[in-house]
Amino acid sequence: MYPDNYYYTKDHEWIRIEGNKATVGITDFAQKQMGDVVYVELPEIGTKLKFHQSFGVIESVKAVSDIYAPVSGEVMEVNEDLNDAPEILNEDPHKKGWVIKLNIEDKSELEELMSLSDYEKFLEGLED
Amino acid sequence: MKIKKTRLNSCHKNLNGKMVDFFGWEMPIEYSGIVNEHLAVRQKAGLFDVSHMGEIQITGSQALDYIQYLTPNNAAHVNTERTQYSALTTPEGTFIDDLLIYLLEENKYLLVVNAANVDKDFKWVSSYTKGFDVDVKNLSDKYSQIAIQGPKALEILKPLTDVGLEEMKVFRVAFGTVAGIEAMVSRTGYTGEDGFEVYTQSNNPGKIWDALLEQGKKTGIQPVGLGARDTLRLEACLMLYGNDIDNTTTVLEAGLRWLVKFKKGDFLGREALLTQKKEGLKRRLVGFELQGRGIARSHYPVYIKGEKVSEVTSGTFSPYLKKSIGLAYLPIEHTEKGTEFEIGIRDKRVKTQVVPIPFYKRNY
């Protein structure tokens, strides 16, 4: 269920790397925790983000959650579909539910991220 | 402190309920999803465990007189076939709690109160008894309560009870059995839909829960958690103590003028409310709808002409109306329908408009 070519963060974001471009979203674990997503606030294109900077908000019926940049970079694209259909984040968090695309500033930051097996271990630890 | 569980706790776990701590009770916030559950109640039927609510019994030859003193509505209208929505008021005319008053038998009343306020309400109701021939008991732990709400509620409950549901108008009460278990049934609810609330002192209310789920399977009944309970009641503009009403808001400011029966006799807060009525309100609770993108939530600041005047009391994204709605107290001169103001959402000020309430009203 979790793509093995993605990297993961402790805040339950995923990141897919293609050359210098990164696509970012939230994991299935995150969407399950949140419940039904009803609103997404996306950043402006061109916004320069620092590693772990909050760049938007995902709101479920019950709660408001920040979403954090897994790497530093400039926002090149945002998923406008989420404006009209925020539920895509619940339905397909790893593909159709992508949130932003970034130009990566510093590839060495990727070393801070978790691989799939690290993330799976991390999730198991949370269940204890 | 150990967390409390209702007698239906295992039912929720079997249905994969997401359990949370609600004022010391382990309760399901959702099962299949808040939006799903909300829509099920509006379109078919939903089942709620509300056993965490409180039941305070008042008995004695002056039980009615005592209740009349503690509440603003005319409790003389309560009988064994009719319940009443009312409130416990302070001498300032503000709220200790909102509640339903039932008459179980002659001189034996039951106040059904919010789960979050049970201990406070019991203390309050116990503290004014001097001079009244009454006895007050907290029977909350003895009662379980199940609510079935939605356009199909009657259809589903009917084959399981000997109570004549069709003859019951809204706020009517009857005593009988549900799934073979002795119960009190009232045509009441907290969703804005038709529905019934079933009270029982049985140790096995799970039988009622399971029977309703089974009976309603074909119709599409869903178990519904506290998350959807809140979005449903907000669409219908039903008050939530602690959010929309509390001991700083008067019954008149909350827009509940109809709850106050000045002519019925003296009650706690009567003077204060009469004065406020004569002098005119300075603020009132209104419904609003966001005109821009965002969701207004409790405590978000409310601005009129750039100045903060109050905070949102309740707010959400309405799953049925698909809009951001909410309630707030506004200065009386700004409470007309259509009045524009702003709500602060993080670093933005979002345009908002006063709209008529309730946001949702059933059409059957």
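Residues numbered from 1 in each chain as written. Chains lettered and ligands numbered in written order. Predicted model: local features only at pLDDT ≥ 70, side-chain atom pairs only at ≥ 80, totals over all residues.

Within chain A one finds four helices and nine strands. Going from N to C terminus, chain A has its helices and strands arranged as β-β-β-α-β-β-β-β-β-α-α-β-α. Here the C-alpha radius of gyration of chain A, 14 Å, is about what a compact globule of 128 residues would show, namely 14 Å. Each principal axis of the C-alpha atoms in chain A carries an extent, and together these give about 35 × 35 × 20 Å. Looking at the 128 residues of chain A, the share that counts as buried comes to 36%. Of the contacts formed within chain A by residues at least 6 apart in sequence, a portion of 64% connects residues at least 24 apart. (Helix = DSSP H or I, 4+ residues; strand = E, 2+ residues; numbered from the N terminus. Rg over C-alpha atoms; globule rule 2.2 N^0.38 Å. Buried ≥ 20, exposed ≤ 12 C-beta atoms within 10 Å, placed from the backbone. Contact = placed C-beta atoms within 7 Å.)

Another aspect to go through is the sheet that holds strand β6 (residues 54–60) of chain A. All names here are of chain A. The three strands are arranged β4-β6-β7 in an open sheet whose pairing can be described as antiparallel. With one partner strand each, in any of the chains shown, β4 (37–41) and β7 (64–68) form the two edges of the open sheet. Pairwise comparison of adjacent strand axes, ignoring direction, gives a mean angle of 25 degrees for this sheet. Bridge count between β6 and β7: five bridges; the pairing is antiparallel. Considered in β7, the bridge of I58 is made with S65. (Pairing = 2+ DSSP bridges. Axes fitted to C-alpha atoms, helices over the stretch in contact; angles between N-to-C directions.)

Counting residues at the interface gives nine residues for chain B and seven residues for chain A. Secondary-structure elements contributing two or more residues to the side of chain B that touches chain A are α2 (34–43), α7 (226–235) and β16 (307–318) of chain B. When grouped by side-chain class, the residues that make up the side of chain B that touches chain A number four nonpolar, four polar and one charged. (Nonpolar A, V, L, I, M, F, W, Y, C, P; charged D, E, K, R; others polar.)

Moving on, we come to helix α4 (residues 118–126) of chain B. Residues and elements named next belong to chain B. For α4, every residue scored as buried is listed here: V118, D121, F122 and V125. Along the axis of α4, the buried positions cluster into a sector of 100 degrees, meaning they face one direction only. α4 presents D119 and K123 as exposed residues on the side facing more than 90 degrees away from its buried surface. Buried residues along α4 sit against β4 (54–59), α3 (63–70), β5 (84–89), β6 (95–105), β7 (108–113) and β8 (135–138). (Arc of directions from axis to C-beta.)

Strands sit in the order β1-β2-β3-β9-β8-β5 (chain A) across an open sheet of six strands; the sheet is antiparallel. Each edge of the sheet is formed by a strand with only one pairing partner; in this case those strands are β1 (6–8) and β5 (48–49) of chain A.

All names here are of chain B. Its domain assignment divides chain B into domain 1 (9–51 + 143–235) and domain 2 (282–355). For domain 1 versus domain 2, the distance between C-alpha centres works out to 31 Å. Counting from both sides, the interface comprises seven residues of domain 1 and, opposite them, seven residues of domain 2. Among the secondary structure elements, those contributing two or more residues to the side of domain 1 that touches domain 2 are α2 and α7. The element best represented in the side of domain 1 that touches domain 2 is α2, accounting for four residues. Here the side of domain 1 that touches domain 2 is composed, by residue class, of three nonpolar, two polar and two charged. (Domains from an automatic or database assignment.)

This part covers unusual backbone geometry. Following I357 of chain B, the chain continues to P358 of chain B via a peptide bond in cis, the omega torsion being 5 degrees. Note on placement: P358 of chain B falls in the segment after β19 (348–355). A positive phi is found at H12 of chain A, a non-glycine position, where the angle reads about 65 degrees. For H12 of chain A, the location among the structural elements is in the loop between β1 and β2 (13–18).

With that settled, consider the confidence of the model for chain B. Do not read the predicted coordinates in detail wherever pLDDT is low. Summing up the model confidence of chain B, the mean pLDDT is 97 and the portion of residues at 70 or higher is 100%. Among the scores for the predicted complex, ipTM is 0.88 and pTM is 0.95. (pLDDT = per-residue confidence, 0-100.)

With that settled, the discussion passes to the environment of S60 of chain A. Within the secondary structure layout, S60 of chain A lies in strand β6. As for S60 of chain A and D11 of chain A, which are separated by 49 residues in sequence, their C-alpha atoms are 16 Å apart.

Another aspect to go through is the nonpolar core. Residue and element names in this part refer to chain B. Judged by nonpolar contacts, the single largest core of 125 residues is most densely connected at I58, Y109, L111, I148 and L212. The element contributing the most residues to this core is β6, with six residues. Two domains each donate at least three residues to this core, and these are domain 1 (9–51 + 143–235) and domain 2 (282–355). The residues contacting L111, other than those within four sequence positions of it, are I56, I58, L99, I101 and V125. (Core = buried A, V, L, I, M, F, W, Y, C linked by C-beta atoms within 7 Å.)

This paragraph deals with α3 of chain B. Residue and element names in this part refer to chain B. Burial in α3 covers these residues: A63, Y66, I67 and L70. Down the axis, α3 shows its buried residues gathered within 95 degrees of arc, on one side only. Of the surrounding secondary structure, the elements contacted by the buried residues of α3 are β4, β5, β6, β7 and α4.

So, on to the pairing of β6 of chain A. The side chains of a regular strand alternate, residue by residue, between the two faces of the sheet. Residue and element names in this part refer to chain A. Taken across its seven residues, β6 has five buried, putting it largely inside the fold. As defined by bridge partners, β4 adjoins β6 across four bridges and the pair is classed as antiparallel. From the neighbouring strand, V37 faces β6, where its bridge partner is S60. Between β6 and β7, which pair antiparallel and follow one another directly, the connecting turn spans three residues.

The next point concerns the environment of E80 of chain A. Take E80 of chain A: it is sitting in the loop between β8 (73–78) and α2 (81–84). Sequence separation between E80 of chain A and T9 of chain A is 71 residues, and the spatial gap between their C-alpha atoms is 23 Å.

What follows is about the pairing of strand β2 (residues 25–30) of chain B. Residues and elements named next belong to chain B. In terms of residue burial, β2 counts as a mostly covered element, since five of its six residues are buried. As defined by bridge partners, strand β1 (residues 18–22) adjoins β2 across five bridges and the pair is classed as antiparallel. What sits directly across from M19, in β2, is P28. Between the antiparallel neighbours β1 and β2 lie two residues, among them F23 with a positive phi of about 50 degrees.

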